[in-house]
Amino acid sequence: MNSIKNVPARVLSRRPGHSLEAEREQFDKTQAISISKAINTQEAPVKEKHARRIILGTHHEKGAFTFWSYAIGLPLPSSSILSWKFCHVLHKVLRDGHPNVLHDCQRYRSNIREIGDLWGHLHDRYGQLVNVYTKLLLTKIAFHLKHPQFPAGLEVTDEVLEKAAGTDVNNIFQLTVEMFDYMDCELKLSESVFRQLNTAIAVSQMSSGQCRLAPLIQVIQDCSHLYHYTVKLMFKLHSCLSADTLQGHRDRFHEQFHSLRNFFRRASDMLYFKRLIQIPRLPEGPPNFLRASALAEHIKPVVVIPEEAPEDEEPETLIEISTGPPAGEPAVVADLFEQTFGPPNGSMKDDRDLQIETLKREVETLRAELEKIKLEAQRYISQLKGQVNTLEAELEEQRKQKQKALVDNEQLRHELAQLRAAQLEGARNQGLREEAEKKASATEARYNRLKEKHSELINTHAELLRKNADTAKQLTVTQQSQEEVARVKEQLAFQMEQVKRESEMKLEEQSDQLEKLKRELEAKAGELVRVQEVLSCTEQSGSELSSRLDTLSAEKDVLSSAVRQREADLLAAQNLVREKEEALSQERQRNSQERGELQRQLADKESQEQGLQQRLLDEQFAVLWGTAAEAERILQDAVSKLDDPLHLRCTSSPDYLVSRAQAALEAVSALEKGHTRYLASRSDASALVAALTQFSHLAADTIVNGGATSHLAPTDPADRLIDTCRECGTRALELVGQLQDQQALQQAQPGLVRTPLQGILQLGQELKPKSLDVHQEELGAMVDKEMAATSAAIEDAVQRIEDMMNQARHASSGVKLEVNERILNSCTDLMKAIRLLVTTSTSLQKEIVESGRGAATQQEFYAKNSRWTEGLISASKAVGWGATQLVYVAPGSQLTRWCFILASTKSSSSAPTRLRPAQPSWWQPPR
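Nothing here was measured: the structure is a model prediction, and the numbers come from that model.

A. Highlighting the overall build of the chain. The helix and strand tally for the chain stands at 28 helices and 0 strands. Looking at the chain as a whole, 36% of its 927 residues are labelled buried. Here the contacts in the chain between residues at least 6 apart in sequence split such that 79% fall between residues at least 24 apart. Accessible area of the chain: about 55200 Å², with a carbon and sulfur share of 53%.

Written out as structure tokens, the structure is:
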């Protein structure tokens, strides 16, 4: 929607005589109808007339109270399309509604976030779009509440932008980051919509495609303003901070620039947008923030929405008003020209008018047929779409049933494992119970035997009492009885010890009491021994023995009662063990259920982790694919320059080519390591991406410099160098092509590029000029040495020529003397000129060294400019050698020939010139 300024003023008017209550009721009714028609479950775009009524309602009541009162009751969690249209209408209300709408929406941010989170967890196409759209709306509300200078429509002047940014660089920095986040949300929504749509242009003419594409009109309007503001703020930041500090900002801006440019380009190609909005064209490249003058080249992108309303738009009022014309108002005349001037040429029409009318009728007929064909095609498309939706629903149902079957199967498998474990646990408990019962029966048998022995002891005591009267006669019987009592006592002690050990195993808390019983039995045994001694010593001990026996009988009763108490305790302990076993069984069952629940949660987490891992792998490969594609473009550009005629004028030195080839070989090694690392772990492609980026640039640089070096090389080496560069480019392109394919990525061999690079390196070394076999550190000393040797050779030659002149004066006369003197004088003048040349070149050499070496020493300067130094040494040797050979020529005709040659050379040059050694065409003097 463009804005509300084109709506007639009578829309907001109120009929005279109506009360405020009636007006409010009519307003609420109109708003409710508009909201229900705009936000529904039909997969079609929101109509502009319904959205316009809602926006006009916000201006009428100066807020969004009525909108939220109806919108909060919509069943948004039940339909993703309903939620999508709600987000679309809310976006339009925020942009074009009353300014107070922003504060009203602030109170419902939690509702918007809940709707997005709900649909974000479901695998629904519109649901995923709703999740992204709600994040954009929340970001938009938060941004405009924090920065009230920017209205929700984002249209402010540059002066307002400057005032909002302020002069504090920290505020500018933070505002730029927030606008980047704002732009990311906008672009993410557009990318999500385009990802779900078919790339065909006809998709934009279908109702389902238009339903998804309609909110992108507001996204385009927001992005155009955000792009302009970020450009302004980036230039302002670069005027305050260094370029290195803002490297992250530039990278993020460049990424958003290319995404926004691609978004605008794709939207411009769709027929749906062409009749609704004029999308601006962004420049081919992003602005250069490192150059302040580039701000003047920036053009603000302007989005234009046509003023005319769509054909199905009908002007309706928010309040019931009278629409009829006043009484007596004349009807509108159809043809104003005919009314004023009359029909042309009277009432007669010529043949051309008839033909025009006939053609118009045919055009109308054809247009009607075309509309009929369009409607038929739309009906077919709707039918096919319904079939597709039905098949998708069936496929979704089958997928759900399959998922449910898998879950049921997993549950049954888990229950079966639990039953098996419970069966094993029951068998183990049954064995323990049987073993406990066996031990209890054995204990009871031992107790019965102990009881029998105790009865025998009682009988023995009674017999001793009966025989007490005749102690002397029954002494032998008494002794036997004592032995039997001792034996019984020992048996009783042994049995009690066994009972004690068993009681310690069953009930540890009874060990103290059993130990006490043992000590009592030992005391009674001692007493019995003393009784035996008393009986053997005196007959009067019988009465004492009887009393002792009575005491033993009483103690036996106490022992019996103690044994009964122990049996009761044992029974209670058995009951306690049984209760503990039941509690343990219940606890195990509960733990089994909790373990099953945890296992199901663990399975869900594992499936989510697998999905995230696969997403990470896909994103890493997408980064690698983009890097490989960019590397392929770089290498193709480099290979194409080998055949570019304009590149023939470019030259390069073999030394630079050798350095580039060595760097490219090192990049190949890094590329092999990155490739091996990526194959070992597909979740980390950083090393391979970095190595591929470096390799593509270095390989392209090597190819381009190889072609430039071949332009100055001899024919055969140049051809071999060009062929090697082509082979290097071909293999590099094959390698990056394999890196873009997941199937061929495993078989990629980065080492194959090393062979042509080594060939380029070898050809570059062969093309290097063969200079003196001297280390660079010795070049400085050799220059001074050669210059001194040259000066000495010239001085020696001058001295020898003077000696030759003196000898010629003594050995010849007449014409011969005159000729020889002239020749030798010419030689002398030539040597003087050479001496002047050496002196002048030495002075010039010192000036060049002093002006160009800077803070370096003279030897460092000579070593840095080694080629120029080697040429100077060669020239010095050549001059010295020529001066020496001039003196040692043979006499006679040869001397005459040499002298005439030197004389002619002297006469042809009016002044001494600089002597330059032989050097290649690419040689340049030092700077």
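B. Seen up close, the side chain of R53. Take R53: it is sitting in helix α2 (residues 48-61). With a relative accessible area of 7%, R53 lands in the buried category. Looking at R53, its side chain comes within polar contact range of the side chain of H50, at 3.0 Å.

C. Representation of the nonpolar core within the structure. Among the nonpolar cores identified, the biggest contains 88 residues, and F67, F263 and F273 are the most heavily contacted of them. Non-local contacts of F263, meaning those with residues more than four positions away in its chain, are made with L187, S190, F194, L216, V219 and I220.

D. A look at the environment of D618. Positionally, D618 belongs in helix α18 (residues 541-640). In sequence terms D618 and S683 are 65 residues apart; their C-alpha atoms lie 8.7 Å from each other.

E. How the structure looks around the packing of helix α21 (residues 715-739) against helix α23 (residues 754-767). Remark: α21 packs on α23, axes separated minimally by 8 Å, with the N-to-C direction vectors making an angle of 155°. The orientation of α21 with respect to α23, classified from their angle, is roughly antiparallel. In this structure, α21 crosses over α23, and the sense of that crossing is left-handed. Here P717, R720, L721, T724, C725, E727, C728 and R731 of α21 lie close against α23, whose contacting residues are T755, P756, L757, G759, I760, L763, E766 and L767. Class assignment of the residues belonging to the contact of α21 with α23 gives a composition of 9 nonpolar, 3 polar and 4 charged.

F. Quick peek at the packing of aromatic side chains. Within the structure shown, the criterion is met by 17 aromatic pairs. For the ring pair F235 and F289, a centre distance of 5.0 Å and an interplane angle of 65° mean the geometry is edge-to-face. Separated by 54 residues along the polypeptide, F235 in helix α11 (residues 216-238) and F289 in the loop between α13 (271-274) and α14 (336-341) bring together distant segments of the chain. The residues F235 and F289 share a single accessibility class, namely buried.

G. How the structure looks around helix α4 (residues 80-96). A rise of 1.5 Å per residue sets the reference length of α4, with its 17 residues, at 24 Å; its end C-alpha atoms lie 24 Å apart and thus fit the reference within 8%. Among the 17 residues that make up α4, 17 are buried, leaving the element largely enclosed by the rest of the structure. Measuring from the side-chain oxygen of the N-cap residue of α4 to the backbone nitrogen of I81 gives 3.5 Å; that N-cap residue is S79.

H. Structural detail: unusual backbone geometry. The backbone phi angle of K62 is positive, close to 55°, even though this residue is not glycine. Note that K62 resides in the loop between α2 and α3 (65-71). Among the residues examined, K62 registers a relative accessible area of 51% and is labelled exposed. Not every positive phi belongs to a glycine, and L154 is a case in point at roughly 65°.

I. Highlighting α23. Helix length check: α23, at 14 residues, gives a terminal C-alpha distance of 20 Å against a target of 20 Å (1.5 Å per residue), a fit within 8%. Here α23 has its buried residues at P756, L757, G759, I760, L761, L763, G764 and L767. Looking at the buried residues of α23, the elements they touch are α19 (654-680), α20 (686-710) and α21.

J. Highlighting the side chain of S83. Relative to the elements of secondary structure, S83 occurs in helix α4. Setting aside residues up to four positions removed in sequence, S83 forms contacts with L76, I115, W119 and V130.

K. Here's a closer look at the pattern of salt bridges. Counted under the stated rule, the structure contains 26 salt bridges. Residue R95 pairs with D222 through a salt bridge whose shortest N-O separation is 2.3 Å. With R95 in helix α4 and D222 in helix α11, the pair connects residues that are 127 residues apart, well separated along the chain. With respect to burial, R95 and D222 carry one shared label: buried. Beyond isolated ion pairs, a larger network of salt bridges with shared partners links R95, K140 and D222.

About the criteria used
Residues numbered from 1 in each chain as written. Predicted model: local features only at pLDDT ≥ 70, side-chain atom pairs only at ≥ 80, totals over all residues. Heavy atoms only, no water. Helix = DSSP H or I, 4+ residues; strand = E, 2+ residues; numbered from the N terminus. Buried < 20%, exposed > 50% of the residue type's maximum accessible area, 1.4 Å probe, protein only. Contact = heavy atoms within 4.5 Å. Areas by Shrake-Rupley, 256 points an atom, 1.4 Å probe, with all protein chains shown as cover. Polar contact = N/O pair within 3.5 Å; in protein donor to acceptor, adjacent residues only side chain to side chain. Core = buried A, V, L, I, M, F, W, Y, C linked by side-chain atoms within 4.5 Å. Axes fitted to C-alpha atoms, helices over the stretch in contact; angles between N-to-C directions. Parallel < 35°, antiparallel > 145°, perpendicular 65-115°, else oblique. Left-handed = near helix turned anticlockwise from the far one by under 90°. Nonpolar A, V, L, I, M, F, W, Y, C, P; charged D, E, K, R; others polar. Phe/Tyr/Trp six-rings, centres within 6.5 Å; stacked < 30°, edge-to-face > 60°. Expected span 1.5 Å × (residues − 1). Salt bridge = Lys/Arg side-chain N within 4 Å of Asp/Glu carboxyl O.

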